[in-house]
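# Geometric and topological summary
Residues per chain are reported as follows:
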Number of protein chains: 2
Amino acid sequence: MSELTSLVPEASYVAIDTEFTGLGKRYEAVSIFDNMEQRYQKLKTIVQRYSVIQFGLSVFNVLGEDRLECQTFTFYTFPSAANVDFVVSVPTATFLIRNQFSFDKLIQTGLHYMKRKEEIAFREKMDKVEELEPVTDISEKDTQFLEATKAIIDDWIDKGATNPHITQELSPFRRRLVYQLLRESYPFIWAENTRNAGNSPLILIHIGSNEETIIQSFKQKKKEEKIEKAIGFRKVIDLLALAKVPIVGHNMLLDLLFIYEHYLEPLPATYLEFRSSILDLFPVLIDTKYIAEFLVDPAAPLQSTVLQDLFVELKRYPEVVKIKSINSTAHPYTPEKLRPHNAGYDSWMTGSVFAHLCHREAIPFDTIPTEKRILNQIYLTTGQTHLNLHAEDSEAVFYL
Amino acid sequence: MSELTSLVPEASYVAIDTEFTGLGKRYEAVSIFDNMEQRYQKLKTIVQRYSVIQFGLSVFNVLGEDRLECQTFTFYTFPSAANVDFVVSVPTATFLIRNQFSFDKLIQTGLHYMKRKEEIAFREKMDKVEELEPVTDISEKDTQFLEATKAIIDDWIDKGATNPHITQELSPFRRRLVYQLLRESYPFIWAENTRNAGNSPLILIHIGSNEETIIQSFKQKKKEEKIEKAIGFRKVIDLLALAKVPIVGHNMLLDLLFIYEHYLEPLPATYLEFRSSILDLFPVLIDTKYIAEFLVDPAAPLQSTVLQDLFVELKRYPEVVKIKSINSTAHPYTPEKLRPHNAGYDSWMTGSVFAHLCHREAIPFDTIPTEKRILNQIYLTTGQTHLNLHAEDSEAVFYL
């Protein structure tokens, strides 16, 4: 993650791809006769039902007129363990498994994510814990428990408290009592909970100083760490939004909708609101499917605009653009080791296809963000052939 | 499967357990104040939303007054690849993965299943294929294709046709043409399709005889094989229903609902209809949670009626009942190799607990099917303490 923090803002462009858990029957209802608002409403229902489970990111740097360098990252993302449902369409599950996707790995190691509004609620909840009314009516048994705990803590401090102290398993109520004890008598001890529900031990850490400012900054840091962890994968999306680098996708409308709904905010009520929000976040969007379909010189057409076909066809001329994949430390592989339909691999193909297309269509790399022909022109799979995010209103787009 | 066909009807009793993909938030709505009809409606909504993904079956045979033998089977079941959604609650997914369940294995190797009504529709569809109107308007290109195909088939027959012949990839229309050619000119050749949609080759098999009766019985056999494969796991449930052996579960109401809805028929409109249907199918149901909660001698109560706790507590007296697990050929493991929350393992624990409880409560094994105290008394998790399937109507059950 820290690697990306330095990489992304320096990038010439990034390419993205997502894998999601399905489109389902509802996708068949998207019609050639829909206007953009109708299409948006239909897609929104689909996007809300399914999840994004893999996010691929390839960071491209132009080194010279015909040389680029690229680093590729694949992230598994899985909803946090709240009481929500995870919906997978059966054909999608079978398709992904055939393409070596692992649902076991997803559930075991997938990064959680938290929308911006959820983060605000989470911060408020953390503040509230500190403001809990002190318990005053303490039973004799609990008083004995607190006395014993005090003795253990004092003993631990006497011995230097160099290592964290792990308490016995405590009920939620007893954890609350210990928090209260610490606030009242040991402000220089930080307590960390290992689980939120049921019985669990607390981990006690001696902050190492009695000074108010040091204690406060230690606690603030710990709180931020906890929040960062909960935000999880959304940090990557925040990073992309902050850097405002060109974002390249292939047939990217669904990717954008899934990213918005699952990592950022619930999708807005209308298409026009979505359009303005997505451009606020990512002002430079480029769709290679659009370029391949509509901008390529008709005198030398491409055989197919399917991503893999494009990749193979354009790669045949390696003398034109040279792209070097380099390992990242966190993701120790180059895309060549992966396979199509891995989001990282597909983002790498997309970014490579884009580089080749730029060369072929004489789009200089340094003018990408201002290149009107390709800027924010998003391909539409059926019906409207593409979506001009700059159009006056949603009715102003073209129809097949 | 064929192993079960001979095992199940001979069994003294079978124990079952299922793993399903969730209960979700809706389960919290099941209330202590619900009558049985209300509870049924709430549970039905839950059961329709989620899926059964593992079915455990342990077949017990009483060898003597205090000796039993047991074989355990674990089946993964996954919906067939139609355009349906597979819903998993996130906490359930995490829980199952922690207990070594593999979703990858489920999707890759899970047995499909087909409800009885779906089987009827499937049979009708297969008959229809044979009754398709012959194509008469055949293009020149297709005529050439048919001529070439004929030549290939004749050549294959000339050479003895001992091995199946695999054609090139054919479009659905061309497959239809080949079927037509075979019906008209080669009735003694059986063609098998490898996929139903898109392009795929046909596998041709020479039946080995020109005699009408042999050809017809060959074709009938092939058709039945195809139907059997589509029925898939439901065969096991059919087998249980046919054998009418006592079926033992632990806290088994949800198991019964999931089995009914997913493997057999959509759940009936009302609880009373469900009750009569389930007893038609499985006239001898026994719930070990009910026995442990309500029939155990109050002078020597059990410490807990949670399945694992019961199993550990009752196993402490191995001199009372001896249960020998034997390997089955298809499932080459004994339950000891598995873990709790594997459906096979849990069915084995359930059946073992039942044997111990019978001994403890002086229920002779040979009177099980007529033992009124335990027959069709199903435990209820909250609210009503148990469900008497023999009660006059759904209002006649007890309340806490």
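Residues numbered from 1 in each chain as written. Chains lettered and ligands numbered in written order. Predicted model: local features only at pLDDT ≥ 70, side-chain atom pairs only at ≥ 80, totals over all residues. Heavy atoms only, no water.

Under the UniProt heading Sequence similarities (unreviewed entry), the entry covering chain A gives this text: "Belongs to the CAF1 family." (UniProt positions renumbered as here; feature names shortened; annotations may be inferred.)

So, on to the overall build of chain A. Per the secondary structure count, chain A includes 14 helices and 12 strands. Going through the 400 residues of chain A one by one, you find that 52% of them count as buried. For chain A, the share of sequence-separated contacts (at least 6 apart) that also reach a separation of at least 24 residues comes to 74%. Per element, the accessible surface of chain A, about 19200 Å² overall, is 54% carbon and sulfur. (Helix = DSSP H or I, 4+ residues; strand = E, 2+ residues; numbered from the N terminus. Buried < 20%, exposed > 50% of the residue type's maximum accessible area, 1.4 Å probe, protein only. Contact = heavy atoms within 4.5 Å. Areas by Shrake-Rupley, 256 points an atom, 1.4 Å probe, with all protein chains shown as cover.)

What follows covers the environment of Asp104 of chain A. Considering the arrangement of structural elements, one finds Asp104 of chain A in helix α4 (residues 103-109). A polar contact of 2.6 Å, which involves the side chain of Asp104 of chain A, links it to the backbone nitrogen of Phe103 of chain B. Within the structure, the side chain of Asp104 of chain A is placed 3.3 Å from the backbone nitrogen of Asp104 of chain B, a separation counted as a polar contact. (Polar contact = N/O pair within 3.5 Å; in protein donor to acceptor, adjacent residues only side chain to side chain.)

For the rest of this paragraph, the subject is the pattern of salt bridges. Applying the stated criterion to the full structure yields 29 salt bridges over all chains. Glu224 of chain A is the partner of Arg123 of chain A in a salt bridge, and the nearest nitrogen-oxygen pair spans 3.1 Å. Here Arg123 of chain A is found in helix α5 (residues 116-130), whereas its partner Glu224 of chain A is found in helix α8 (residues 212-231), with 101 residues between them in sequence. As a salt-bridge pair, Asp155 of chain B and Lys159 of chain B come within 3.2 Å of each other at their nearest N and O atoms. Exposure remark for Lys159 of chain B: the relative accessible area of 66% places this residue in the exposed category. A single network of salt bridges, built from pairs that share partners, joins Arg116, Glu119, Arg123, Glu224, Arg234 and Asp238 of chain A. (Salt bridge = Lys/Arg side-chain N within 4 Å of Asp/Glu carboxyl O.)

Its rotation angle being 180°, the transformation that places chain B on chain A also includes 0.0 Å of axial translation and leaves an RMSD of 0.1 Å. Considering both components of the superposition, the chain copies are consistent with a two-fold axis. No C-alpha of chain B approaches the rotation axis more nearly than that of Val87 of chain B, which lies at 2.2 Å. Same-surface contact between copies: 100% of interface residues of chain B are shared with the interface of chain A. (Least-squares fit on C-alpha atoms with pLDDT ≥ 70 in both.)

The next point concerns the packing of helix α12 (residues 288-295) of chain A against helix α14 (residues 343-360) of chain A. All names here are of chain A. With their axes 10 Å apart at the nearest point, α12 and α14 run at an angle of 35° to one another. Crossing of α12 over α14 shows left-handed handedness. Between α12 and α14, the contacting residues are Thr288, Ile291 and Ala292 on the first element and Thr350, Val353, Phe354 and Leu357 on the second. Considered class by class, the residues forming the contact of α12 with α14 number 5 nonpolar, 2 polar and no charged. (Axes fitted to C-alpha atoms, helices over the stretch in contact; angles between N-to-C directions. Left-handed = near helix turned anticlockwise from the far one by under 90°. Nonpolar A, V, L, I, M, F, W, Y, C, P; charged D, E, K, R; others polar.)

Residue and element names in this part refer to chain A. Taken together, the buried positions of helix α1 (residues 2-10) are occupied by Glu3, Leu4, Leu7 and Val8. Buried residues along α1 cover an arc of 105° about the axis, so they all sit on one side. In α1, the exposed positions angled more than 90 degrees off the buried face are occupied by Ser2 and Glu10. (Arc of directions from axis to C-beta.)

Let us look at the nonpolar core. Core analysis: the biggest nonpolar cluster contains 100 residues, and Phe55 and Leu57 of chain A together with Phe55 and Leu57 of chain B have the highest contact counts within it. Beyond its immediate chain neighbours, meaning those up to four positions away, Leu57 of chain A contacts Leu4, Val14, Ala15, Ile16, Gln71, Thr72, Phe73, Val236, Leu240 and Ser347 of chain A. (Core = buried A, V, L, I, M, F, W, Y, C linked by side-chain atoms within 4.5 Å.)

This part covers the interface of chain B and chain A. At the interface, 29 residues of chain B touch 29 residues of chain A. Carbon and sulfur atoms make up 57% of the area that chain B and chain A hide from each other, which totals about 2200 Å². Considering only the side of chain B, the residues that lose the most area to chain A are Asn83, Asp85 and Val90 of chain B, jointly responsible for 28% of the buried surface there. At the boundary of chain B and chain A, one finds 2 salt bridges. Class assignment of the residues belonging to the side of chain B that touches chain A gives a composition of 16 nonpolar, 7 polar and 6 charged. As judged from the 5 bridges shared by strand β4 (residues 85-89) of chain A and strand β4 (residues 85-89) of chain B, these two strands associate in the antiparallel manner. Looking across to β4 of chain B, one finds that Val87 of chain A is bridged to Val87 of chain B. (Buried area = accessible area lost by both parts, 1.4 Å probe. Pairing = 2+ DSSP bridges.)

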